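# Residue-level structure breakdown
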Amino acid sequence: MGMGMRAMARIGGNFALTALAAFAAAPAMAQELVGQPTPGGLGLQPGASVLAHEAAWFHNVVLMAMMIGISVLVLGLLLWIVIRYNKRSNPTPARWSHNTPLEIVWTVVPVLILVVIALFSFRLLFAYHNAPEADLRVKVTGNQWNWGYEYPDQSVSEFISNMLPEDQATAQTYRLAADEPMVVPVGKTVHLLITAADVIHAVALPAFGIKVDAIPGRVNQAWFKAEQTGDFYGQCSELCGVDHAFMPIHIKVVTDAEFAAWVASKGGSMTKAADDAAAAAAATAEAAPAVPAADAAAPTDAAPAAPDAAAPDAPAAQ
C-alpha cells in the first residue's frame, strides 16, 4: 500500500512538473501576433490600445493572482484534511459541529476579496465609459450576417463589410478578414455608435479591449485609440443565426494621409464640418432680403419742413 502511494505521488509530481514546463515554454514556442489569434498561444491577445492594456493588467495581475491564491489555499486545505483526518490517522473523529471564529473568517475574507476586486474593476469601468472627445465617429450596424459602417463626420455613406472568401484570404485570416474593413487613423480617438438592424449581435475586438452588444432600436457606444498601424480582427460574439460564425470584424489602422485618401475614395470629405458651416452661411446670406436701391439713396431723416411765410396784415378799417 505504501509503495502504491509513493508511486502515485511520484507520478503526480512528474505530471505537475511537465504541465508547469509546458505552461512556461508555451509563450516562447508561440510568437504572439498582434491583432489576431496566435496559434498555440496562451492568455489574452497583445493589446493595441489603452483600454486593452488596462483590461489585461486587471486580468493578469489582480484576477489571476486571486484565482491562483484561492485555488492553492483550497487545494492545500483539502490535502491537509485528507492526510490529517482520514480514518487511519484519525480513527476517533471529533464531535463538535460549529466554530464561530472560523465561520467569521470565511465570511469576512470573501467580502474583503470582493471589495478589492471592486476597487480595480470600478476604475476600469470608469475608463471604458469616460470616453475622451472623439476625433472620429463610426456608426456600426450589425446585420444577418455582415456589418455596415458609416462615417457621418466625413459624409461617407454606409457600406457593407462581408467576410473575405476562403480563396482570397490566408489560412490564418480566413473568417477574420473582410472585403471592406473599417478604416481608422492611428493615434486618434474613435467612437463607435453600435446598433443592429435585425437581431442582437456583438462587436468584439480583443486587441482594442472591446466587446459591446449591438441591439436593434438601441445605440450603444464604445471607444478606442489605436497605438499602431496594421490589421486588427474580431468577430460577432453573440449567437445571431445560422451564419453567426461568418461575420468577422476587420479594422485597418492607417496613417492620417492614408485615411484622408481613403475618405476621398469613398466620396467623402475630411472638412465636412467646415464645408457645412460655409454652406449654411451662404444660405443665410442668400435668404436675407435685398435693400432697394431707391431706399438706399433716400436720406435716413426727413428734412424739416420750411416755415410758412407770414400772411400780410389786413388794412385797418377807416
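Residues numbered from 1 in each chain as written. Predicted model: local features only at pLDDT ≥ 70, side-chain atom pairs only at ≥ 80, totals over all residues. Heavy atoms only, no water.

### Brief notes about the environment of tyrosine 151
Along the chain, tyrosine 151 falls in strand β2 (residues 146–151). Between the C-alpha atoms of tyrosine 151 and lysine 139, which are 12 residues apart in sequence, the distance is 6.4 Å. Excluding residues that lie within four positions of it along the chain, tyrosine 151 makes contacts with Leu136, Arg137, Val138, Val156, Phe159, Met182, Val183, Phe259 and Trp262. Polar contacts involving the side chain of tyrosine 151 include one to the main-chain carbonyl oxygen of valine 183, which spans 2.7 Å. (Helix = DSSP H or I, 4+ residues; strand = E, 2+ residues; numbered from the N terminus. Contact = heavy atoms within 4.5 Å. Polar contact = N/O pair within 3.5 Å; in protein donor to acceptor, adjacent residues only side chain to side chain.)

### Structural notes on the pattern of salt bridges
Using the criterion set out here, one finds 3 salt bridges in the structure. In this structure, the salt-bridge partner of glutamate 180 is lysine 266, at a minimum N-O distance of 3.1 Å. With glutamate 180 in the loop between β3 (156–161) and β4 (182–185) and lysine 266 in the loop between α4 (256–265) and α5 (272–287), the pair connects residues that are 86 residues apart, well separated along the chain. Ionic pairing is found between aspartate 231 and lysine 252, a salt bridge with its closest N-O pair at 2.9 Å. Within this pair, whereas aspartate 231 is found in strand β9 (residues 230–236), its partner lysine 252 is found in strand β10 (residues 248–254), the two being separated by 21 residues in sequence. (Salt bridge = Lys/Arg side-chain N within 4 Å of Asp/Glu carboxyl O.)

### Quick word on the packing of helix α2 (residues 50–84) against helix α3 (residues 100–129)
For the pair α2 and α3, the least separation of the axes is 10 Å and the interaxial angle reads 170 degrees. If you check the angle between α2 and α3, you find them roughly antiparallel. Facing α2, whose interface residues are Leu51, Glu54, Ala55, Trp57, Phe58, Val62, Leu63, Met66 and Ile70, α3 presents Ile113, Val116, Ile117, Phe120, Ser121, Leu124, Ala127 and Tyr128. Class assignment of the residues belonging to the contact of α2 with α3 gives a composition of 15 nonpolar, 1 polar and 1 charged. (Axes fitted to C-alpha atoms, helices over the stretch in contact; angles between N-to-C directions. Parallel < 35°, antiparallel > 145°, perpendicular 65-115°, else oblique. Nonpolar A, V, L, I, M, F, W, Y, C, P; charged D, E, K, R; others polar.)

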